[in-house]
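Summary of structural features
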Amino acid sequence: MSNAIRHSSAFKPITVAERAALDSDNWDRVQTFSVAVNQPQENLYEIGRLDKMVTEKDKLEVSVSLTQFEYGTLDSFLQIAGLTAMPSGGLTLSDFDTARTDFISPGKSEYDGTLEQTLWCERLSVESFGLNINADERLERTMELSGNFCKIAREGNKCVIFKSFDAPSGTSGAFSLDVSDPAPVVNPNVASEYILKLYRIRAGVATELDVTDDFTFNSGTNQISVLAAEEDDHFRVWHTAATYGSAGDPQELNDDDDYFLGAENVTVLMDDGTNDPIELDKLTSLSLTATLNRIAEGAIGTNEDVFNDVESYEVTASLDGYVKNYPIQEALMAQAGQSWGIIDYNRTQPVTLLVKVYDSADKDTFKIGFKIENCELSDDTPADYTANEFGSSTVSLMSDNLTISTTESDIA
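An account of the accompanying structure is given in this report. (Residues numbered from 1 in each chain as written. Predicted model: local features only at pLDDT ≥ 70, side-chain atom pairs only at ≥ 80, totals over all residues. Heavy atoms only, no water.)

1. Some points on the sheet that holds strand β12 (residues 159–166)
Read from one edge to the other, the open sheet built from 4 strands follows the order β12-β18-β14-β15, with strand pairing classed as antiparallel. Because the sheet does not close on itself, it has two edges, and the strands there are β12 and β15 (205–208). Within the sheet, the average angular offset between the axes of one strand and its neighbour, ignoring direction, is 20 degrees. In the sheet, β12 pairs with strand β18 (residues 234–241) via 8 bridges, with the strands oriented antiparallel. Opposite Cys159, over in β18, you have Ala241 as the bridge partner. (Pairing = 2+ DSSP bridges. Helix = DSSP H or I, 4+ residues; strand = E, 2+ residues; numbered from the N terminus. Axes fitted to C-alpha atoms, helices over the stretch in contact; angles between N-to-C directions.)

2. Brief notes about the sheet that holds strand β16 (residues 215–218)
Read across the sheet, 3 strands follow the order β13-β17-β16 without closing on themselves; strand pairing throughout is antiparallel. Each end of this open sheet is capped by a strand with a single partner; those strands are β13 (172–178) and β16. When strand polarity is set aside, the average angle formed by the axes of neighbouring strands in this sheet is 25 degrees. Of the strand pairs in this sheet, β13 and strand β17 (residues 223–230) are connected by 6 bridges, and their pairing is antiparallel. Counted as the bridge partner of Asp178 is Gln223 from β17.

3. A short note on the nonpolar core
If you look at the biggest cluster of nonpolar residues, it comprises 52 residues, and the most contacted ones within it are Phe129 and Leu353. Ranked by residues supplied to this core, first place goes to strand β9 (residues 115–134) with 6 residues. Ignoring sequence-local partners within four residues, the contact set of Leu353 consists of Val268, Leu269, Met270, Leu280, Leu288, Ala317, Leu319, Phe370, Lys371, Ile372 and Cys375. (Core = buried A, V, L, I, M, F, W, Y, C linked by side-chain atoms within 4.5 Å. Buried < 20%, exposed > 50% of the residue type's maximum accessible area, 1.4 Å probe, protein only. Contact = heavy atoms within 4.5 Å.)

Structure (structure tokens):
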């Protein structure tokens, strides 16, 4: 007998890059996952009428927020960047600008039970992500994405199916995509619609194809006919079905990678660009947040934020610790480790913040790192005292860049 309510063990986030030739992937080590759907609307009136004429609905606002244990891999970052591998030198914020990601999250009656429905948030853009480090605790990532589309697939449409196809050498003209396993089910909201989304990637450019103009679908043979294909075209197809077909359940567990990494595995360094980097070994907590500020505006003839370009990046770092010798402030004077006589806040200079995460407290094997260059002082609380307690200090830094890499030489 299925549970009356669903437990988190019966729900698994899976992502599909919408506009990049990238395989779907299960998300591992997720601790919280929240979807919020907001429908902005306005009641319209006219003079001479008491009741509203109609309610005008604006574009749907969909957000996905999640936390995830840091476990030393780039898998999640690559998914939301739409990349198959880390670029040379590491991931930078510009890698997340144009990527669009679908979260396809099956919900079962219970762990390993019967699929009941699938939550599908489409073409999400990265808004922000961060890293939280607290002494004696596990490292934790945060991520925020947003978009304009959300569906719940259920009943006979409960399986959201994603498939990809590559046109072989010599392809020219019509090209058939076999989606018979499992067979698409008609969209109950749109007559005769079986294929919910179809993208073609040609020479790195993703284009959403239109039924009739760009492709046709035969519900008898379950074949998509793309009208004008070329060799090396890559096609990405979404539809719903009653079962997963021979491919089986897409949910997988990952027992190969670390389950989590702790704060004792971390080395935090500050480089003033003049002296040797210093290790900040008295921190009690550190948080990094990278925000992609988007314009998020629609265009005439569309129902989504077509203009979703990034105007600017904002990266913040907050470093908390106990009051002692002010090594961070000394580094901001470009005098790291020099026992400088006077810290003058009117003379601070940019620094580079390096966060290196290793496999253990012994720090033998590098796992992942974060680098923020040109950090400027934003705020400082050089003294915060309470009677009969140790004094604490919080330093906040701001910049506009962040590099993430699993190669230690990139974080130097």
